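What follows is the residue order along each chain.
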Amino acid sequence: MSQVLIAPSILSADFASLGDQVREAEAGGADWIHVDVMDGHFVPRISFGEPIVRALRPVTELPLDVHLMIEPVDPHLRAFAAAGADSITIHVEATPDPARTLQAIRDLGVRPGLTLRPGTPAWALWPYLDLAEVVLVMTVEPGRGGQAFMPDMLPRIEQVAERLNALDGQRWLQVDGGLSPATIGPAVDAGAQVVVAGSAVFGDSGGVATAIDRLRGAALG
């Protein structure tokens, strides 16, 4: 692969300086900004909501990539789209009709994305892949930052990549969870095109730009 997109997750940023952290990520070469929205219901942790997306929209020109770990998800799509989300990824487990939800996201002018928990069989995605422009493989359990990468998800990345390669049109295979310079290589080798990294970016003692360079270098070998 000639290019791997790096999407820093603001879940690991300094919330007291969030705008500055996002600006630093953009200046340091980030491609997308990843926004993890948690509701304390679908996942046990509560993070933040639509006001954060709205606040960040004028701060950066990068795409705001919103991952909704909430249930029910459908009533909140319009608010996140209006706030400035460029993509909205929903869980196949969090909606009774994933096809309808993905189409609703597209109708809002936003790139639709689909994901699932590590414990959900990969085949749960298959009926909806043609409706998704982003397919996210979680390599940790959703709901908490700083977890270790799950190497047993590598075959799932390969499976999803094979399925997406058989479809027409541009689709992004995204991977999120425990990505670092030590783990990004295998994920990219398996087919990842967009890598979400939180603590590996915002927790690097060398700074955000150095962290992004390290990730990109490790991804491309």
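What this report covers is the structure whose coordinates are included nearby. (Residues numbered from 1 in each chain as written. Predicted model: local features only at pLDDT ≥ 70, side-chain atom pairs only at ≥ 80, totals over all residues. Heavy atoms only, no water.)

## Regarding unusual backbone geometry
Applied cut-off: A run of H or I in DSSP becomes a helix once it reaches four residues, and a run of E becomes a strand once it reaches two; helices and strands are each numbered from the N terminus.
Looking along the chain, the bond that leaves glutamate 71 and enters proline 72 is cis, with omega of 0 degrees. Relative to the helices and strands, proline 72 resides in the loop between strand S3 (64-69) and helix H3 (77-83).

## Digging into the sheet that holds strand S1 (residues 5-8)
Sheet strands pair by backbone hydrogen bonding; their relative direction is either parallel or antiparallel. Rules: By the convention used here, strands pair only if DSSP detects at least 2 bridges between them. Throughout, an axis means a line fitted to C-alpha atoms (over the contacting stretch in the case of helices), and angles, computed between N-to-C directions, take values from 0 to 180 degrees.
Strand order in the open sheet made by the 8 strands is S1-S8-S7-S6-S5-S4-S3-S2, with parallel pairing throughout. The outermost strands of the open sheet, each flanked by one partner alone, are S1 and strand S2 (33-38). Across the sheet, the mean angle from the axis of one strand to that of its neighbour is 25 degrees, orientation sign disregarded. In this structure, S1 lies alongside strand S8 (residues 194-197), joined through 4 bridges in parallel fashion. Bridge assignment links leucine 5 to a residue of S8, and that residue is valine 194.

## A closer look at the environment of leucine 136
Applied cut-off: In this analysis, two residues are considered to be in contact whenever any of their non-hydrogen atoms come within 4.5 Å of each other.
Mapped onto the elements of the fold, leucine 136 is located in strand S6 (residues 134-138). Residues leucine 136 and proline 121, spaced 15 residues apart in sequence, show a C-alpha to C-alpha distance of 14 Å. Not counting residues up to four positions away in its chain, the partners in contact with leucine 136 are His67, Thr89, Leu114, Thr115, Leu116, Gln174, Val175 and Asp176.

## Topic: the nonpolar core
Looking at soluble globular proteins, one finds that nonpolar side chains tend to be buried together. In plain terms, the rule: Side-chain atoms within 4.5 Å link the members of a nonpolar core, which is a set of buried Ala, Val, Leu, Ile, Met, Phe, Trp, Tyr and Cys residues. Burial classes: relative accessible area under 20% of the type maximum marks a residue as buried, over 50% as exposed, and values in between as partly exposed (1.4 Å probe, protein chains only).
Among the nonpolar cores identified, the biggest contains 70 residues, and Ile10, Leu68, Ile88 and Ile90 are the most heavily contacted of them. Judged by nonpolar contacts, the second largest core, of 6 residues, contains Leu5, Ala7, Trp32 and Val194.

## Thoughts on the pattern of salt bridges
Going by this rule: By salt bridge we mean one thing: a side-chain nitrogen of Lys or Arg within 4 Å of a carboxyl oxygen of Asp or Glu.
Applying the stated criterion across every chain, the model contains 6 salt bridges. Glutamate 133 is the partner of arginine 106 in a salt bridge, and the nearest nitrogen-oxygen pair spans 2.7 Å. Linking arginine 106 in helix H4 (residues 98-107) with glutamate 133 in the loop between strand S5 (111-116) and S6, this pair joins segments that are 27 residues apart in sequence. Among the residues examined, arginine 106 registers a relative accessible area of 31% and is labelled partly exposed. Here glutamate 133 falls in the partly exposed class, since its relative accessible area comes to 25%.

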